[in-house]
Amino acid sequence: MNCARVAAAVVALAIGCDPGQVSMPDGGIGDAGGVPSDAGDGGHADGSAFEIEWRTAPKVPDSAGGPWRPQFELARFDLTDVRVVGDVGVLAAATVELEFSDDDKPATRFEPAAPGRYATVLGRIAYVEIRGSLDVGGELGGERVDFVIEDRPPPQVGLALALGDAEVKPGETKRVRIRFDLRALVDAVDWDAVDNEDGTLELESDGPQIEAFRTALAGAIRLE
């Protein structure tokens, strides 16, 4: 099956490939659907691997400019059904949990990975949590206040990133870097219209600004 031909379609998340394994950020083994270790020309039990390095902009903890001047203290993204789709098959992770709080640089490693070209990263965003502080005006008088975003987006909210020319070579690890643009997510929200709960601005899944946040979410995940 030429999986790259359907990489941009949602059906790519359900391509039937034989089970394999993927090394998760904590070093454990997560559920995966990839090609078997003896597949491909010459197999790929030779140390070939594909690795995604996850980053945020700005890093956490750190601050950003813009109208709200946010300071970020924590960012968490839980992903499900993550797929790396290529001509030689599909690398898959059932769950990827990413937490950024101390200049963390987590990575998701798919090993073994069949040598060949990989075209697309697909997945669903199951949970987002971002915490910090920012400047708001209006009745708060331009004071600095804490904020929290907690959302469990609907199934159609996900990531679909074209990898360009990402090739796993025999015996080598191909690394790509994906960045979450935290400032873009904060800038998408009118924080003056968010409920202030005991001094903390809380944006949740049923909040009036959540659709603006979700719209920004798809464009805020980028390949570096």
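1. Brief notes about the overall build of the chain
Across its full length, the chain holds two helices and 14 strands. Classification of the 224 residues of the chain by burial places 47% in the buried group. Of all intrachain contacts in the chain linking residues separated by at least 6 positions in sequence, the fraction that spans at least 24 positions is 73%. A total of about 10,400 Å² of accessible surface is found on the chain, and carbon and sulfur atoms cover 43% of it.

2. Comments concerning the nonpolar core
In summary, soluble globular proteins display a tendency toward joint burial of nonpolar side chains. One finds F50, F77, I130 and W191 to be the most contacted residues of the largest nonpolar core, which totals 53 residues. In this view, W191 contacts W68, L134, V136, F147, I149, V186, L201 and L203; residues no more than four positions away in its chain are not counted.

3. Points about the pairing of strand 9 (residues 144-151)
Across eight bridges, the pairing between strand 8 (residues 116-135) and strand 9 is antiparallel. The residue bridging R131 from the neighbouring strand is V148, located in strand 9. In terms of strand pairing, strand 9 meets strand 13 (residues 200-203) through four bridges, oriented parallel. Bridged to D146 within strand 13 is T200.

4. Points about the side chain of T80
Its location among the elements puts T80 in strand 5 (residues 71-86). Take T80: its relative accessible area is 17%, and that puts it in the buried class. Dropping the residues within four chain positions of it, T80 is found in contact with A93, A94, T95, G123, R124 and A126.

5. Let's talk about the confidence of the model for the chain
Residue-level pLDDT values for the chain average 82, and 78% of them are 70 or greater. Segment residues 1-44 is flagged for pLDDT under 50; beyond a separation of four residues in sequence, or across chains, it makes 92 contacts in the model.

Each value, and the rule that gives it
- Residues numbered from 1 in each chain as written.
- Predicted model: local features only at pLDDT ≥ 70, side-chain atom pairs only at ≥ 80, totals over all residues.
- Heavy atoms only, no water.
- Helix = DSSP H or I, 4+ residues; strand = E, 2+ residues; numbered from the N terminus.
- Buried < 20%, exposed > 50% of the residue type's maximum accessible area, 1.4 Å probe, protein only.
- Contact = heavy atoms within 4.5 Å.
- Areas by Shrake-Rupley, 256 points an atom, 1.4 Å probe, with all protein chains shown as cover.
- Core = buried A, V, L, I, M, F, W, Y, C linked by side-chain atoms within 4.5 Å.
- Pairing = 2+ DSSP bridges.
- pLDDT = per-residue confidence, 0-100.

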